[in-house]
Amino acid sequence: MERTLVLLKPDAVKKSIIGKIISIYEDNGLVVEKLKMISPTRKLLRDHYEEHKDKPFFEELLSSLDGKELIAMVIRGDQAISAVRRLNGATDPSKAEDGTIRKLYGTSIRHNAVHGSSDHEAAEREIKIWFAG
Ligand code: IDP
Ligand code: MG
């Protein structure tokens, strides 16, 4: 049993498709263990996306999420980390496989609907960041 951190990003919240996305995870055997709506601070987002701090898109990435309502979830299941990444699809929706969440609901690399932790270490770190205490 594995846990992973999933975000339904502000573009998904705005489109009122959070139920549809959660259903995709649930229909694939994954379980929502924790869920909250939150408007993250820039500080939280800096911690979450620390690995990208030197990338040219970093500040733009933070600005697209900063202070906007999104859904944070802990999702649990057999190989949940890779299962979520597979269901999410490629980072760029135009390159994502048919049937994936990003292909269905993403509109650009910045507005790609969802986040899923990349590996076990990231999952533990991100769950602590979003669900501290
Ligand atoms: P991932 O979300 O598929 O793990 P990462 O490479 O970790 O993809 O990038 C984190 C997030 O940063 C992506 O989901 C996307 O929203 C954004 N991003 C990645 N690459 C670019 C880019 O080249 N331009 C703008 N935003 C990007
Ligand atoms: Mg990533």
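Asker: Give a detailed account of the layout of surface pockets, specifying residues and quantitative values.
Answerer: Its boundaries defined by the atoms lining it, the largest pocket holds a volume of some 430 Å³. Lining the largest pocket are 17 residues, and of these Y49, H52, F57, T91 and N112 lie nearest its centre. Looking at the lining of the largest pocket, the elements that each hand over two or more residues are α4 (58-65) and β4 (114-116). Residues belonging to the lining of the largest pocket are distributed by class as follows: four nonpolar, six polar and seven charged.

Asker: How would you summarise the pattern of salt bridges if you had to cite specific residues and measurements?
Answerer: What the rule picks out here adds up to 10 salt bridges. Among the salt bridges present, the one from R42 reaches D66, with a minimum N-O distance of 3.0 Å. In this pair, R42 is assigned in helix α3 (residues 42-48) and D66 in the loop between α4 and β3 (70-77), connecting sequence segments 24 residues apart. Residue D66 is classed as partly exposed on the basis of its relative accessible area of 30%. K103 is the salt-bridge partner of D98, the closest N and O atoms lying 3.9 Å from each other.

Asker: Outline the side chain of K9, supporting the account with residue identities and numerical values.
Answerer: Tracing the backbone shows K9 in the loop between β1 (2-8) and α1 (10-14). For the buried K9, no salt bridge exists, and the shortest N-O distance to an oppositely charged side chain is 6.3 Å, to D11. With residues up to four places along the chain from it excluded, the contact list for K9 reads Y49, L65, L70, N112, A113, V114 and H115.

Rules used in this analysis
- Residues numbered from 1 in each chain as written.
- Chains lettered and ligands numbered in written order.
- Predicted model: local features only at pLDDT ≥ 70, side-chain atom pairs only at ≥ 80, totals over all residues.
- Heavy atoms only, no water.
- 1 Å grid on protein atoms, 1.4 Å probe; cavity = no way out; pocket = protein on both sides within 12 Å on 5 of 7 lines; lining within 4 Å.
- Points joined across faces, edges and corners; volume = space filled by probe spheres on them.
- Helix = DSSP H or I, 4+ residues; strand = E, 2+ residues; numbered from the N terminus.
- Nonpolar A, V, L, I, M, F, W, Y, C, P; charged D, E, K, R; others polar.
- Salt bridge = Lys/Arg side-chain N within 4 Å of Asp/Glu carboxyl O.
- Buried < 20%, exposed > 50% of the residue type's maximum accessible area, 1.4 Å probe, protein only.
- Lys, Arg positive; Asp, Glu negative; His and termini not counted.
- Contact = heavy atoms within 4.5 Å.

Just geometry here; none of it tells us what the structure is for.
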